Amino acid sequence: MGAATSSIQIEGASAEDGKGENIWDVYAKEEGRIHGGQNAVTACDHYHRFRDDVAMMKEMGLKAYRFSVDWSRGLPEGRGRVNEKGVRFYQELIDELLANGIEPYLTLYHWEMPYELYKCGGWMNPRSVQWFGDYAKLVAERFSDRVKYFFTINEPQCFTGLGYLTAEHAPGLKAPVRDTFEMAHNILKAHGRATQMLREYGKQKLTIGLAPTAGMTYPASGSAEDIEAARESLFSLPDLPVWTWNVAWWSDPVIFGKYPEEGLVKYEKYLPKITDEDMKLISEPIDIYGQNIYNGKCIRMGKDGKPEEVKRFDGFPRTAANWPVTPEALEYGVKFLYERYRKPIYITENGISCADVVSIDNKVHDSNRTDFLARYLRALKKAAGEADVRGYFQWSLMDNFEWNKGYSERFGLVYVDYQTQERIWKDSAFWYRDVIKNNGNNL
Ligand code: BGC
């Protein structure tokens, strides 16, 4: 059990020690893009405080920590010239984690496209496959003597959908639908290429996966029909134009080496050229399957024999981000994914945003978070009876830069006072420490 973060969201030091610009550095400078005109220039100042932060993780008993490398910190132009100071930062972080008995899990891409590569088309450019592969080679060469676990890409659903369809995230474009399928294909190839490069240049036997997302589904009842309806619905494909939030278009090619039939028909006129060679690259074998899971839809079998969503009642439990609280997503989502893909599963993210405040006693009483995590972890325990669940990363270790929402959403176990950078353990952090200590037996 561990916790997760990502580079842009916590590091700060966005223009220090030779780091290049990424699309978020640029996006945040533009007025009206981010809540309150905020940016990630300082964020949680983790770049300077990482030793204290690791000490905090140790005190919490975290066994594992998932973080991401900012591509433009190691390669300021995204390719070519290496920024040794940037590489050193991650080496020191990794050493610190290991010295404190915490297993590092490294994500290569958590939305940090170097701006110089974006200028060349970013994921639209077929050469992005090579760029990402070369970056993975550097990661393997410099970090894999110490890091064994790697996730290539975080949530392609989000950074293509929010970045290029709805324009809520960097780079903030409303691209033609065709472009997004072109990008998706390149992203999947880049994942395959990175997997190859990590293996080829890895300094030990590495465990490699990816970390997609998508809303899960769960059945309205325990009946075989409803369960089948939920399963079918989880792997079905949405209508255009906002198509990216789904499981099958991204994960089927990686695991099975082919795109789902339903999508090949539904999306036909928007698809790029897809060759057998592409599919071979995309399906380069991976060792583990990561999935970020936050919630799911309740599904039942309709009278017409088709799955239908059960409407949520008024006042349904919701997080501060207005996301529904549906612990069943962690039970059925995990079972369905395992049934289909048959890979050891990691929950690479799961958590809740709450309206946390520091109370009069200087503590943060986030009972909603503890309740949320307890419910979700109990559900995961149920799934673990049937699926090979290898790990769970709570999102997030500490409050951080929540993308276009700036600092207005707090997902952390630890409260961050952005004026002083003081870290204050929320009640849920103490609770999580006890859960880890008891290996989940007190849930
Ligand atoms: C992302 C995180 C994000 C979290 C909460 C995921 O979509 O990977 O970066 O902070 O969910 O929104």
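Predicted model, so just to flag it, every value in this text is computed and none were measured. (Residues numbered from 1 in each chain as written. Predicted model: local features only at pLDDT ≥ 70, side-chain atom pairs only at ≥ 80, totals over all residues. Heavy atoms only, no water.)

Novice: What exactly am I supposed to notice about the overall build of the protein chain here?
Specialist: Counting secondary structure elements, the protein chain contains 16 helices and 13 strands. For a compact globule of 443 residues, the expected C-alpha radius of gyration is about 22 Å, and the protein chain comes in at 21 Å, within 12% of that figure. Along the three orthogonal principal directions, the C-alpha set of the protein chain runs to about 60 × 55 × 45 Å. Within the protein chain, the fraction of its 443 residues that count as buried is 60%. Look at the contacts in the protein chain between residues 6 or more apart in sequence, and 77% of them connect residues 24 or more apart. (Helix = DSSP H or I, 4+ residues; strand = E, 2+ residues; numbered from the N terminus. Rg over C-alpha atoms; globule rule 2.2 N^0.38 Å. Buried < 20%, exposed > 50% of the residue type's maximum accessible area, 1.4 Å probe, protein only. Contact = heavy atoms within 4.5 Å.)

Novice: Could you clarify how one ought to interpret the site of the ligand in this entry?
Specialist: In the vicinity of the ligand there are 13 residues, among which Gln9, His110, Glu155, Glu349 and Glu402 approach most closely. In this structure, an oxygen atom belonging to the ligand sits 3.2 Å away from a side-chain N or O atom of Tyr294. Within the side chain of Glu349, an N or O atom sits 2.8 Å from an oxygen atom of the ligand. (Near = heavy atom within 4 Å. Polar contact = N/O pair within 3.5 Å; in protein donor to acceptor, adjacent residues only side chain to side chain.)

Novice: Help me out: how do you make sense of the pattern of salt bridges in this one?
Specialist: Side chains that differ in sign of charge can pair as their charged atoms come close. Tallying each qualifying case throughout the model produces 38 salt bridges. Of the charged contacts, one joins Asp371 and Arg375 as a salt bridge, the two residues approaching to 2.7 Å between their closest N and O atoms. Of this pair, Asp371 and Arg375 are both found in helix H15 (residues 367-384), four residues apart, which corresponds to roughly one turn of the helix. Given the relative accessible area of 37%, Asp371 is considered partly exposed. What emerges from the salt-bridge pattern is a single network uniting Asp356, Asp366, Arg369, Asp399, Arg410 and Lys426. (Salt bridge = Lys/Arg side-chain N within 4 Å of Asp/Glu carboxyl O.)

Novice: Honestly, the sheet that holds strand S2 (residues 64-68) in this entry has me stumped. Any pointers?
Specialist: Paired through their backbone hydrogen bonds, the strands of a sheet run either parallel or antiparallel. The strand order S5-S4-S3-S2-S1-S11-S10-S7 describes an open sheet built from eight strands, whose pairing is parallel. On the outer flanks of this sheet lie strand S5 (207-211) and strand S7 (289-292), each paired with one strand and no other. Taking each pair of neighbouring strands and ignoring which way they run, the sheet shows an average axis angle of 25°. Taken together, the four bridges between strand S3 (residues 103-109) and strand S4 (residues 149-154) define a ladder with parallel strand orientation. (Pairing = 2+ DSSP bridges. Axes fitted to C-alpha atoms, helices over the stretch in contact; angles between N-to-C directions.)

Novice: Teacher, can you tell me more about the state of the cysteines here?
Specialist: In protein structure, a disulfide is the covalent linkage between the sulfur atoms of two cysteines. In this structure the tally under the stated criterion is zero disulfides. Just so you know, Cys158 is unpaired, no disulfide at all, and the nearest cysteine sulfur is the one on Cys354, 19 Å from it. The exposure class assigned to Cys158 is buried, which follows from its relative accessible area of 10%. (Disulfide = S-S within 2.5 Å.)

Novice: Which parts of the structure should I look at to understand helix H7 (residues 128-143)?
Specialist: Since one α-helical turn is 3.6 residues long, residues separated by three or four positions face the same way. Its 16 residues give H7 an end-to-end C-alpha distance of 22 Å, which sits within 8% of 22 Å, the value for a rise of 1.5 Å per residue. Among the residues of H7, those classed as buried are Ser128, Val129, Trp131, Phe132, Gly133, Tyr135, Ala136, Leu138, Val139, Ala140 and Phe143. (Expected span 1.5 Å × (residues − 1).)

Novice: Hey, could you run me through the packing of helix H3 (residues 46-60) against helix H5 (residues 84-99) in this one?
Specialist: To describe two helices that pack against each other, one gives the angle between their axes and the distance between the axes. It is at 10 Å that the axes of H3 and H5 come closest, and there the two elements cross at 10°. With respect to H5, the element H3 is oriented roughly parallel. Of H5, the residues touching H3 (which contributes His46, Tyr47, Phe50, Arg51, Val54 and Met57) are Lys85, Phe89, Glu92, Leu93, Glu96 and Leu97. The class makeup of the residues in the contact of H3 with H5 is seven nonpolar, one polar and four charged. (Parallel < 35°, antiparallel > 145°, perpendicular 65-115°, else oblique. Nonpolar A, V, L, I, M, F, W, Y, C, P; charged D, E, K, R; others polar.)

Novice: How do you make sense of the sheet that holds strand S9 (residues 307-309) when you look at a structure like this?
Specialist: Ordered by their spatial adjacency, three strands build an open sheet running S6-S8-S9, and the pairing between neighbours is mixed. Each edge of the sheet is formed by a strand with only one pairing partner; in this case those strands are strand S6 (216-219) and S9. Here the strands of the sheet are splayed against their neighbours by 45° on average, with no regard to which way each runs. Contacts from helix H10 (residues 224-234) reach S6, strand S8 (296-301) and S9 within the one sheet, and its direction differs from that of S8 by about 130°. Sheet contacts for helix H14 (residues 328-341): S6 and S8; angle to S6, the most-contacted strand, approximately 100°.

Novice: Would you mind showing me how to read helix H16 (residues 427-437) here?
Specialist: Residues of H16 that are buried include every one of Ser428, Ala429, Tyr432, Val435 and Ile436, and no others. Buried residues along H16 cover an arc of 115° about the axis, so they all sit on one side. Packing partners of the buried residues in H16 comprise strand S1 (2-4), H3, H15, strand S11 (389-395) and strand S13 (422-425). Within two residues after H16, Asn439 carries a phi angle of roughly 50°, on the positive side. (Arc of directions from axis to C-beta.)

Novice: How do you make sense of the layout of surface pockets when you look at a structure like this?
Specialist: Any empty space left between the atoms is revealed when a probe the size of a water molecule rolls over them. If you add up the space inside the largest pocket, you get close to 1,100 Å³. Looking at the largest pocket, it is lined by 42 residues, and the ones nearest its centre are Thr213, Ala214, Gly215, Trp245 and Asn295. Elements supplying a minimum of two residues to the lining of the largest pocket: helix H8 (156-164), S6, H10 and S8. Broken down by element, the lining of the largest pocket gets its largest block of residues, three residues, from S8. (1 Å grid on protein atoms, 1.4 Å probe; cavity = no way out; pocket = protein on both sides within 12 Å on 5 of 7 lines; lining within 4 Å. Points joined across faces, edges and corners; volume = space filled by probe spheres on them.)

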